[in-house]
Structures are given as C-alpha cells and as structure tokens.
Amino acid sequence: MENNFKKFKLNAAIFLSSSALIWLVIYSIILTLSGFRILSPGFLADLSFLSYGRLDSASSFTLQYGFLVQFGLAVMAWIFCLRGNTVLVDKGFVYIGGIIWNLGVTIGLIGILTGQASGLSGLQMPSQSIPVLIVGFILVSLSLIQTNNRRADGEMMPENWFFLISILWFPWILGGAYILLYIKELDGVLSNIADWWFINNFYKVYLTFVSIGILLHFLNTLLGVKISRIHIITSIWILLLSGSIGGVSPGSPVPAWMPALSTVMSVFYFFGILILLKSIYDSIKNSKPLKSVNIFTYAFLYFSIGIFALVSILNFIFSFPFFGRIAEFTFFVPSVEKLFLLGFCGTSMFLTYTYITQNFTKLDIKINNFKYLTILLILGVLLSTIPSALTGLLSGDGTLTSGLFFVSIGNSILMFGSILVFFNLLKLLYLSFIECDCIYLLKGKKGGIDKA
Amino acid sequence: MGNSSKKISKNGSSSLNGPNHFVYVFLLFLLYWAFNYLDNNSGAFNASVYSPHRNISEVNNLKVVKSPDELAYERGEGIYARCAACHQANGLGNANVGFPPLAGSEWVLNESPNWVIAIVLKGLMGPIEVKGETYNNVMAAQGAGLSDEDLANVITYIRRNADWGNDPNLPLVTPDQVKAVREEIDPRPSMFTVEDLLKLYPRN
Amino acid sequence: MNIGLSFILGLIATLVSLYYIEIWWPLSLIIGVSIWLLFGLFQFKMDSFFTILYCSSLVFCISFFGMVKYPYDQLSSLQFSETVDETGLSFRYPLQMNSQVERGQNVYRSVGCYACHTQQITHDDVKFDIKAKTSSESYDAVKDSLKRFYDVIGRKSSSGSVLGFPNGEWELVAQDLTTSQAIKGRSFLSKAGASLDIQVRFTGEDLMPDDYFNPEGRGWGKRRSVARDYIFTERPMLGKTRVGPDLANIGSRQSEDIMIRRLFKRHRFLFEEFEGPESENTVTLNFQEELNAIDLTNDKKEKTTSKIYYKPTQDALDLVAYLSSLKGANYPLDEAPIYQPFSSSITENAND
C-alpha cells in the first residue's frame, strides 16, 4: 500500500482534509438555499441575512477557501511525502496553520452573511479575514516546502513543480491584493482591476496548477503514465506567464488595451494547455490501468480531465470579444466558473478522497457506497452548471434563465453527495478510533506497518 | 545536483526531445498574431482610448468641434429655461405683471453688457423703462445659483437671439466680464434700482 | 542549453521588454542578462527550489507591473471633467457623494444587490453618417472628392449619392461608416469645400433605442461607462451578472417615487409594515381577503378588501438616495462621446 499515513506522520493532513470536508457540506447547504432563493424570492424573504446576494457570495467563498484550497494543501502534503519518501516536516505548522485558516474562513463567512462583504466580484470576503488567511497559508506552506526539500531523490516529479509554484503564488497574490485594496486603498476602477488580477491568478494559476498536479500524480499511479518532462517544462512556464496576466472582461470600463491584452494572454494560455493535454493524451493512449482500483476512481479521473478540456476550450473561445460580448453578464460566466471549480478542481479532490478511502476496503472498514457517491457528485456538478450555462447563452442577459431550475436540482444532488462524503469520513474516523485507539487510518493485517 | 540533462530520468518519460519543433514555430506565429492583435485593438496602450475606438487621434476627432460662439449660445439656451418663467420663451415678458421684455430691450442690447450682468447678479427692484413702457416689479438675484460661465452663456444667448430680433453679431460675453462685475458689485447689500445702476455704469 | 542560444534568448527578452513593453531600461537589461545566465551558465534546472522561486518571482513581477502598476500610473490621476447636462448647464462630473448617498451605498453592498445588477454600460460599435452640402463654386471639386472617397472605402462610386448630388442642399452621402472611414470622409470633403454634418451613433444593447439605428437598445444610457465615472467611488460594485437591469444610470431614468415602488414590488424586505394612514411616503398593498367565517344567517362567505400599509425603512430611503445619484451616462465625456444627431456642425477645417 502506498499511502502510509502512519509512516509519513500525515495526521495533520487528515486534520486539514476533514475540516475541508466540513466546509464542503456547509457550502452545499448554502448553495442549495441560494438556488431556492433565486427562483422564488419570497421564500425566506423575511430573513435579510439570507438574501440571494449574500448567499451567493458566501457559497463561492466557502467553496474556494474552505474546501478547495484547504483540501488541496492536504493532498499536496500527502503527495510530497509519498514521492519524496519523507515524513511531513514540522507538522505542528500544519496544525496551527490549519486552525488559523479555518478561523479566517469562519470570520469571512460570518462577515459575508451579516452584510460586510466587500462588494468586489472576486475578493468578496471582508477585509478582516484576509490577513488571517494569509498567515494560515504561510504557516502550512512552510511545512510543505521543507517537506519537499527533504525529499530522498534529487529530482522532483513534475507535479511537485506545479505544487511548489502554486504554494509560492498564493500568498503573493492574496497579500498583494490585500495591500493594494486595503492598505494602499486604491479607489475607483483600480480596485476592480486589482480584484480581477487576483481572481485571474487564483483560478488560472493557483487552482489550475494544484489540480493539474493532482491529475499528473494520479495519471502516474492509476494508469502508469509518465509524461515527458520537457513538455511539462514548456507548458508550465507558458501557463504561468500567460495565466498571470489578463482577466479583464471585454465590456469593462477600462481603457481598451486591458481587454485586448487579456484576450492575447488567453490564447497563449490555451496554447500551453494544449501542449499539456496533447502529451497527456499521447501517454494515455499507450497505457492500461495498473491497479485494480475502484472503477469509480477512474470515473473521477476521466471526468476531471474531460471537464478540464471543456472549460479550457470554453474560456479560449469566449475570451475573444466577439463571443465574449454574447456571454457577458449572462449566467454563462458564473456557470462555467462553477464548472471549473467543481468539475475540475473539486473532482480532483474527490478523486484523491476516493482513492485513499477505498484502500480501507481491504480491512474491516468497508466503504461500499462509492457508486452512489460518484453518481451523486458527478450528476450534481453537471446539473448545476451545464443547463444554466446553455440557457444563459441563449436567453441573454438581464433575465432569469430557465436553466436555473436545473441548477436547484443539481445543487440539491450535490448537497446529498457531499453529506454522503462527510458521513463516510465520520464513519472512518469513528471506526479507526475505536479500532486502534489512535487516529491513524491504516494498519496492517497483523498490526505492523505496511511497506510503501 | 549533477548534470542530468543527458541521463534518462527515472521519473520522466524516455523522450529526451521536447515537443515537436513545429510547436515552437507555431509559437512564433502566435507571437506575430499577438502583436498584430494588440496593434489593432489596444489603442497604443493609451489611457483615454476605450473600445471600439482604435487610437487617440480617433477619439480626439470625435469631439464635436463647435465654435465657442455656438457652444455658448446653445448652453445659454438651456439655462434660459429658468428665466422663461417670467420673461417668457419668446422674450416678450408680461406687461400685466410687470416683467419687462428682453427682445429689443435697450438694456440688453447696450454695447457693454454690464447692465444686464449686474441686474442678473444682484436683482432689480423698482420701475424700469423698456422700449417706452414702464415695468414695475422685482427681479430676484440669480447670482448665487449660476457660475460665471453659465451667466456669460445665458447673457450671450439673450443678446444674440435672432428669433427675438436681437443682434446676433454682438460680441460674446466672457466669464471674465461677469467675474469683474461680480467683484465690483459684491459689497452691495441689496438689489439695484435703476438709479443705482446708472450711477454705477452710466449711459454713454 | 548552450550559452549561445541562451544569449539569443536573453537578447530577445531585452529588446521586447525595452521597445515593446517599454519598461525602464535597467530593468530590461537585468531581465535579459539573468535569462542568459540562468539558461546558459547555471544550467537552468527545474528541480531546484531556488530556480522555481527565482523564476516565479520574476513572472510575478511582470504580472504585477503589467496588470496593476501600469494601470495605476495611467488611471490614478483622473480628475473630474467639465461637461454639460441636459439643460446645457456646464458642471463638473462626477460629483462627490454626500453622507446619505454613502449610507445608501453601504446598504447596496451589504444586501448584495451587486449579485444581480451591474453598474457598467457597454456598447458594441460606433457608426457615422455624413451629410454634405456644397455651393456652386465647389460643386465639381466636392463631387470628385466624393467619388474618390467612395473608391477609398470600397463602395460603388456610381451610386446615387454621387451622381445625383444636389447643389445647395443637405444630402446624406454616407452611412454606417467606421471611425477611420469617417475621418477620411471628413477630410476629403471639407478640403474640397463642402459643409459637413456628421452624426455619431453607437450601437449596442445597452444604449438608447432608436427604431432605425439601434433597434435593440434597452435605453440604459447614452454612452458607455468609463473609468472616470468611478473616481469618487471607493469600491465600484460593477457586478458580473444581470438578472435585473443595469443601474449605472438609473438616477436619470427613474424618479425617486418610481424607485420606491419598484423596490417594493421586488424586494419587500426593505419595507416594514405599520398601522396607520397612508402618506406620500408609504406604499399601500391592496389584496383580497377571503373571510373564513361563514355568515350563518345567509350562508355566504364575504370577501373584503383590506389594506396593509408599508413604509420604507431608513435603509430603503438611503438606497433610493444612492440610486438617484447614479447618473451620468447621459453626459458626454472626452473619451466617451454620446450620440450626436445631425444637428451638430463641424467647422470647415478638419484637424487631424
């Protein structure tokens, strides 16, 4: 067995991922409420803290910072230890950083629900929560970087490159955005420009790189695929340079060079992604599944790659003003964002989750509801994004599209799926607690430690 | 960290060559397209060029070049709306109530516009003879609500209004003239009467 | 990578950053030299944490300076500009907000109106139409220049506008021109001695509707929003999705009464019930109420109409004050002129 949490002392990663899954449940509940709220504004209309604007901001905030970033950190810790064959160094930092991070997310969520959202479209949380988040992240990243530096092998796997760049990138962009918005106090359209710069970097660099790294790792483990390093070096720097510039939509009240530059950079970004996808495809063609892993893990893997390709193509096409103007201000844009966040980034997290937890089927702990989990999650993601994207494009802006009906259904399905995930986790923790009087999730058949 | 560019990495594939060389050629074409696109659509990175304009000279050319005379007249016409309540849109006033006409009025058409400026700034009370008729009413001071430019424009309008029969060839009233009169009469606590006005700016 | 190839790469980087991006020359020199050395001398190794740190911080600086610092240099010194409002009064735009308007902006932000409403007006394209008038002296010259103009813009120079060009009357000579074509037309025709009248119209869904020129217009403003509209707003809530109408110009479109009624119809939580008589500030909701009691004597259910009185909360009033201050997309600015119909006149000397 490969994932050997006791050997690598990965309890801190378990802590991070558990709290991330709690935030996932909270996110899905808020999302379901907001789906109902937009369709029938009279529902719960008396409670002003549940207005659609607040629920919408709260749901996207919880998803991005509560679930995706935190779970991504846990997965990165696991992969660093696994590939580097080392223990998690300075894991106290991870615990403290995780607690501070969760504190920041809580402050942000409460702030948004009580009406102190910042009003910007990207960095919606109140200003008090941002320094807390930055501190939490930096503490965790100190441990992660040291873990990678202590690796046994001088050469890094390609996914480590992606992870390292994203670990460095996140405090820089969040810190930079915080300084620009709240310390230097840019006003007017400049605050929006800083906000768009942050969101573009966050989606196109941080989240994409983490998810690509996870994908590459699982392509290696599940399919035995080894992508050529030179291809990845080429594409990673193209992606970084072009993904970090841009992000201005065509109709914005800024001088004309900013949307033009964003379009150009989107084209280069797509080009980088094409190089990556082509090399992945070439390698997958000549491979076969290495392990007898659960088929649903493979479902998540292929789903994730498919959604990645789809979202990249859509972003490329709609970055040109000719098409972008059609989709601007409709429900297409938030739906594609949600598809990216849930369908690509979220799915890579679910992929990790199912891969790790299914190893327990070898023991007394049985997880046999993977089928329902997979169906619920994938169906939920698809239903809550694709119909509203299509109908948003067709019906234009300024109206409530009919696809939102499906969105509500998709949101509810997603909620059930995430609650199922959370119950699985609770069951695991509980059972492992009573089985071995510790919170190591894996033990050997005779109580020994499995070899890696 | 040795020089590992030659050995086969156990963590990567055995393909030592990078992407197909056509990829790099295509990248160069993409760069060419990018520079072209930026030249066409970025407006030379100028801060005043908003889409769909292409460069700053286009934007400058779009400014409607009205002569200062036309601009002043048009703006004055808009401001006059507030005067039309008493002096009427046709400039004839209302003899019954004592609002004097502006059309053909010697006070308006005088060579120096100071009379009109002073009356508008400070107000007028008491009888005034216009075109042989006497009008006796009070005009409230308008100076507080109008800037120098606005006042200059509205006085230009009433002096040059050809529809009323006034003279369109009279020179423009400038804001400096208004400012000079404003400073001169500012200490006055009360409205003008005709005698005070003629004392300040005598006929000649 | 050998040192020669990396030298070429470094040279390209220096030249591009110096002449196209136009950054400060020592910086571009540093970039070029470091790329040369990294790739050539130090055998650029992806597996070293130092390489990743150095190169990603370099990319971060490029991104930061390109996307944040450069717009800051361009836009931070924007001031209000002199423009005219509908009555012709010149005034300075935009205006500062007073305290009630600021409270209203807080209400807007805290309730989350930006999730469904945007505050930016866009437009698609700008089109020009030219009318010309000539006198008998310049008739031939003008007709020649009109023919040349048509050839230059690629239209049929044998069309009616050229052949049947009348003398001494205004004639529509060209329609649907782009900006560069309109500038060329203006210079051709005015140099030949014609008087010109140019109509500037914008097409786009957000703008003022016009049966012929802009049939899809929703009437949200006369021009697009530009950066100058927001210089006195600390956090412009531009919005990303439109479920309801755009609000950038709503102060010019709706009076305060209408705003209160619309707010009541769609967002009732801003209002509170109260006992008592109607006044001009209240909104009355009439509804039919079915009495559940049955009158035993005549076995009929009676329907009555009862009234519930609502009045706007202080939040709603502040919000309305804020929304009324959102106007300005009807006034022209230098960088965003508004729709100019044919009554505008251009002087004879075209300044290019």
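Because the structure is predicted, anything quoted here is derived from the model rather than measured.

Q: Report on the overall build of chain A, specifying residues and quantitative values.
A: Across its full length, chain A holds 14 helices and zero strands. In chain A, which comprises 452 residues, the proportion classed as buried is 61%. Considering only residue pairs separated by 6 or more positions, chain A has 81% of its internal contacts joining residues 24 or more positions apart.

Q: Tell me about the overall build of chain C, and name the residues and values.
A: Per the secondary structure count, chain C includes 10 helices and eight strands. Looking at the 352 residues of chain C, the share that counts as buried comes to 35%. Contacts spanning at least 24 positions in sequence make up 73% of the contacts within chain C whose residues lie at least 6 apart.

Q: Summarise the interface of chain C and chain A; cite the residues concerned and give the values.
A: Counting residues at the interface gives 50 residues for chain C, matched by 56 residues for chain A. Broken down by secondary-structure element, the contributors of at least two residues to the side of chain C that touches chain A are α3 (49–75) and α4 (99–111) of chain C. Broken down by element, the side of chain C that touches chain A gets its largest block of residues, 15 residues, from α3 of chain C. Split into classes, the residues belonging to the side of chain C that touches chain A amount to 27 nonpolar, 14 polar and nine charged.

Q: Go over helix α1 (residues 21–41) of chain B with me, naming the residues and quoting the values.
A: The first and last C-alpha atoms of α1 of chain B sit 30 Å apart over 21 residues, in line with the 30 Å expected at 1.5 Å per residue. Immediately downstream of α1 of chain B, the backbone of Gly-43 of chain B shows phi near 60°, a positive value.

Q: An account of the domain arrangement of chain A is needed here, citing residue identities and associated values.
A: All names here are of chain A. Domain annotation for chain A reports domain 1 (1–155), domain 2 (168–286) and domain 3 (292–299 + 330–452). A straight line from the C-alpha centre of domain 1 to that of domain 2 covers 20 Å. Counting residues at the interface gives 16 residues for domain 1, matched by 18 residues for domain 2. Of all elements in the fold, only α3 (52–84) and α5 (129–149) reach the threshold of two or more residues within the side of domain 1 that touches domain 2. For the side of domain 1 that touches domain 2, the leading source of residues is α5, giving six residues.

Q: Please set out unusual backbone geometry residue by residue, giving values where relevant.
A: Even without being a glycine, Phe-329 of chain A presents a positive backbone phi close to 65°. Within the fold, Phe-329 of chain A resides in the loop between α11 (321–327) and α12 (332–358). Owing to 24 C-beta atoms within 10 Å, Phe-329 of chain A belongs among the buried residues under this scheme. Within the chain, Lys-131 of chain B stands out as a residue other than glycine whose phi angle is a positive 55°. On the secondary structure map, Lys-131 of chain B appears in the loop between β1 (127–130) and β2 (133–136).

Q: Report on α4 of chain C, specifying residues and quantitative values.
A: Taking 1.5 Å of rise per residue, 13 residues should cover 18 Å, and α4 of chain C covers 18 Å from first to last C-alpha, within 8% of that figure. The set of residues buried in α4 of chain C consists of Gly-104, Gln-105, Val-107, Tyr-108, Arg-109, Ser-110 and Val-111 of chain C. Looking at the buried positions of α4 of chain C, the neighbouring elements they touch are α3 of chain A together with α10 (314–324) of chain C. Gly-112 of chain C sits one or two positions beyond α4 of chain C and adopts a positive phi of about 95°.

Q: Mind laying out the sheet that holds strand β4 (residues 171–177) of chain C, listing which residues take part and the relevant values?
A: All names here are of chain C. Pairing is antiparallel across the open sheet formed by three strands, whose spatial order is β4-β3-β5. Edge strands, defined here as strands with exactly one partner in the open sheet, are β4 and β5 (195–203). Between one strand axis and the next, the sheet turns through 15° on average, direction left out of account. Of the pairings in the sheet, the one linking strand β3 (residues 125–133) to β4 comprises four bridges and is antiparallel in character. Opposite Ala-132, over in β4, you have Glu-171 as the bridge partner.

Q: Account for the packing of helix α6 (residues 158–183) of chain A against helix α7 (residues 189–223) of chain A, naming residues and giving values.
A: All names here are of chain A. Direction vectors running N to C along α6 and α7 enclose 165°, while the axes themselves pass 9 Å from each other. Relative to α7, α6 is oriented roughly antiparallel. Judged by the twist between their axes, the crossing of α6 over α7 is left-handed. Among the residues making up the contact of α6 with α7, the classes are represented as 19 nonpolar, five polar and one charged.

Q: Which residues make up the confidence of the model for chain C, and what are the values?
A: All names here are of chain C. Looking at chain C as a whole, its pLDDT mean stands at 77, while 78% of the residues score no less than 70. For chain C, strand β7 (residues 283–295) is the element with the lowest average pLDDT, namely 49, and α4 is the one with the highest, namely 90. Contacts from residues 344–352, a stretch scored under 50 in pLDDT, to residues over four places away or in other chains number 16 contacts.

Q: Give me the lowdown on the environment of Ile-295 of chain A, citing residues and values where you can.
A: Residue and element names in this part refer to chain A. With respect to the helices, strands and loops of the structure, Ile-295 is situated in helix α10 (residues 295–317). On the basis of neighbour count, Ile-295 is assigned to the exposed category, with 11 C-beta atoms found within 10 Å. Through-space distance from the C-alpha of Ile-295 to that of Val-69 is 26 Å; in sequence the pair is 226 residues apart.

Q: How would you explain the packing of α10 of chain A against helix α13 (residues 370–395) of chain A if you had to name every residue and give the values?
A: Residues and elements named next belong to chain A. It is at 10 Å that the axes of α10 and α13 come closest, and there the two elements cross at 20°. One way to sum up the angle between α10 and α13 is to call them roughly parallel. Every pair of crossing elements has a handedness; the one defined by α10 and α13 is left-handed. Mapping the contact onto sequence places Phe-296, Ala-299, Phe-300 and Phe-303 in α10 and Phe-370, Lys-371, Thr-374 and Ile-378 in α13.

Criteria and thresholds
- Residues numbered from 1 in each chain as written.
- Chains lettered and ligands numbered in written order.
- Predicted model: local features only at pLDDT ≥ 70, side-chain atom pairs only at ≥ 80, totals over all residues.
- Helix = DSSP H or I, 4+ residues; strand = E, 2+ residues; numbered from the N terminus.
- Buried ≥ 20, exposed ≤ 12 C-beta atoms within 10 Å, placed from the backbone.
- Contact = placed C-beta atoms within 7 Å.
- Nonpolar A, V, L, I, M, F, W, Y, C, P; charged D, E, K, R; others polar.
- Expected span 1.5 Å × (residues − 1).
- Domains from an automatic or database assignment.
- Pairing = 2+ DSSP bridges.
- Axes fitted to C-alpha atoms, helices over the stretch in contact; angles between N-to-C directions.
- Parallel < 35°, antiparallel > 145°, perpendicular 65-115°, else oblique.
- Left-handed = near helix turned anticlockwise from the far one by under 90°.
- pLDDT = per-residue confidence, 0-100.

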